[in-house]
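Topology and contacts: notes
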Amino acid sequence: MPKPSTQASKLLPYLFEHIDEEQAVTVFHVGPALPETVDFFSNYRCKLHFIDLFSELPFVASEDELPTQVQQFEDLLQLPAHTRIDVCLFWDLFNFLDPAAINAFLTVLYPHLKENSMAHAFSVHNPRATQGSHLYGINQRDTLSSRNRRAALPGYAPHTQGELKELLHCFRLERSVLLPDSRLELLLQARL
Amino acid sequence: MIGPSITIKGEVTGEEDLLIHGKVEGTINLSGNQVCVGESGQVCADIQAKVVKIDGKVTGDITGIEMVVISKSGNVKGNIVAPRVTLEDGAIFKGSIDMDPAGSAFAKTPLASHQTTHAVATPLKASGGLDLKSV
């Protein structure tokens, strides 16, 4: 596995603002489990759900195939019915999903959100921004780790921040930070 | 020790540490001891043990009463319940990790460090005492 590098995150700390180490926390992490992420969360009483949707890319379907795509995400996520998520770590997933796939994904995720669920994601300021190809994890409360992927992922088609705000109908955009290379870091809160 | 040419189908219980280099299908319950799945080990079973270390391949749920370690050669598909979990660089894991087994009798116990791989990497003795129940 490629060696990790770290990058400071201004928004990551807000995910944990209302969570203390004694509180049970449920985390939904899109992507493979990285050692540093597991190590970071070992300081919490937590349940981590690692779902590597990136390995299933590309998700392509038309609107009339939505039920099929919902079923596809249900099969992939397989979250227990009682699961209520405190923290979602989407990373750059939405840069690889078309609107129908985002809708299907959120349809499956929605029942597992609660009012104060928080989420982190990467987007782009300019949809022509070049594709990054990284695995992400958490190194510290305010520091991300990233590793280069061995190969670029298929289906890169990022949305503008405005489009994404509309598409992420069960989240409210709380804050965004402009990063180098025209990328954006997003902090989201569930909107139920 | 279960050697590389041995296949066991059934329920493994007992009161001693177990090192698996062969294949096991069924369940493994050594709640007071260590289970180590060696690099050539292939386990298709739920495992419950005090400490579980995976160097090989496991498909099934793992409960570590103290700790679970997936080493760099480990490949696990299943859910893990343990107060402490260590994933080494290169480990492959697919599933969920529950580090808050409050509903069960487990409790976090102080350890000197999270990097406790060495604590379970000692050779496992293979004297008698394991029960193997076929299913």
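A brief report on the enclosed structure follows.

Thresholds applied
- Positions within a chain are numbered from 1, following the residues in the order the chain's sequence is written.
- A letter from A marks each chain and a number from 1 marks each ligand, given out in the order of writing.
- pLDDT decides what is reported in this predicted model: residues at 70 or higher carry local features, side-chain atom pairs at 80 or more are listed and counted, and totals for whole chains, interfaces and linings draw on all residues regardless.
- Water and hydrogen atoms play no part in the side-chain values, which are based on all heavy atoms of the structure.
- In what follows, residue pairs with any heavy atoms lying within 4.5 Å of each other are defined as contacts.
- Reported buried area values correspond to the accessible surface (1.4 Å probe) lost by two parts on association, with both partners' losses combined.
- Only one rule defines a salt bridge in this text: a Lys or Arg side-chain nitrogen within 4 Å of an Asp or Glu carboxyl oxygen.
- Counting of polar contacts relies on pairs of N or O atoms within 3.5 Å, with two restrictions inside protein: one atom must be capable of donating a hydrogen and the other of accepting it, and residues adjacent in sequence are counted only when both atoms are side-chain atoms.
- Going along the chain from the N terminus, every DSSP run of H or I of four or more residues is numbered as a helix, and every run of E of two or more is numbered as a strand.
- Classes in brief: Ala, Val, Leu, Ile, Met, Phe, Trp, Tyr, Cys and Pro nonpolar; Asp, Glu, Lys and Arg charged; the others, Gly included, polar.
- Categorising residues by exposure relies on relative accessible area from a 1.4 Å probe, with only protein chains included: less than 20% of the type maximum marks a residue as buried, more than 50% marks it as exposed, and the intermediate range marks it as partly exposed.
- Should DSSP find at least two bridges between two strands, the strands are regarded as paired.
- Joining through side-chain atoms within 4.5 Å is the link that ties buried Ala, Val, Leu, Ile, Met, Phe, Trp, Tyr and Cys residues into a set, and such a set is a nonpolar core.

A closer look at the interface of chain A and chain B
Opposite the 19 residues of chain A that make contact, chain B presents 16 residues. Overall, the association of chain A and chain B removes approximately 1,500 Å² of surface from exposure, summing both partners, and the carbon and sulfur fraction of that is 51%. By the criterion of area lost to chain B, the three top residues of chain A are Pro35, Val38 and Ser42 of chain A, representing 28% of everything that side buries. Our count for the contact surface shared by chain A and chain B stands at 2 salt bridges. With a closest N to O distance of 2.9 Å, Arg45 of chain A and Asp100 of chain B form a salt bridge. Seen at the junction of chain A and chain B, the total is 6 residue pairs in polar contact (both at pLDDT 80 or more). Elements that contribute at least two residues to the side of chain A that touches chain B include exactly helix H2 (35–41) and strand E3 (45–51) of chain A. No other element matches E3 of chain A, which puts 6 residues into the side of chain A that touches chain B. Counted by class, the side of chain A that touches chain B contains 11 nonpolar, 3 polar and 5 charged residues.

A word on the pairing of strand E6 (residues 62–70) of chain B
Residues and elements named next belong to chain B. A large share of E6 lies buried, amounting to 7 of its 9 residues. Where strand E4 (residues 42–54) and E6 come together, 7 bridges link them in parallel fashion. Looking across to E6, one finds that Ile54 is bridged to Ile70. Alignment of E6 against strand E8 (residues 80–81), held across 2 bridges, turns out to be parallel. Residue pairing across strands places Thr63 opposite Val81, the latter belonging to E8. As paired strands, E6 and strand E9 (residues 85–87) are joined by 3 bridges and run parallel to one another. Bridge pairing in E9 links Val69 to Thr86.

Comments concerning the nonpolar core
The biggest cluster of nonpolar side chains holds 55 residues, and the ones touching the most others in it are Phe41 of chain A together with Ile28 of chain B. Top element by residues in this core is E4 of chain B. It accounts for 6 residues. Excluding residues that lie within four positions of it along the chain, Phe41 of chain A makes contacts with Phe16, Val27, Cys46, Leu48, Leu89 and Ile138 of chain A together with Met99 of chain B. Counting residues in hydrophobic clusters, the runner-up holds 38 residues, among them Val30, Phe73, Phe94 and Ala104 of chain A.

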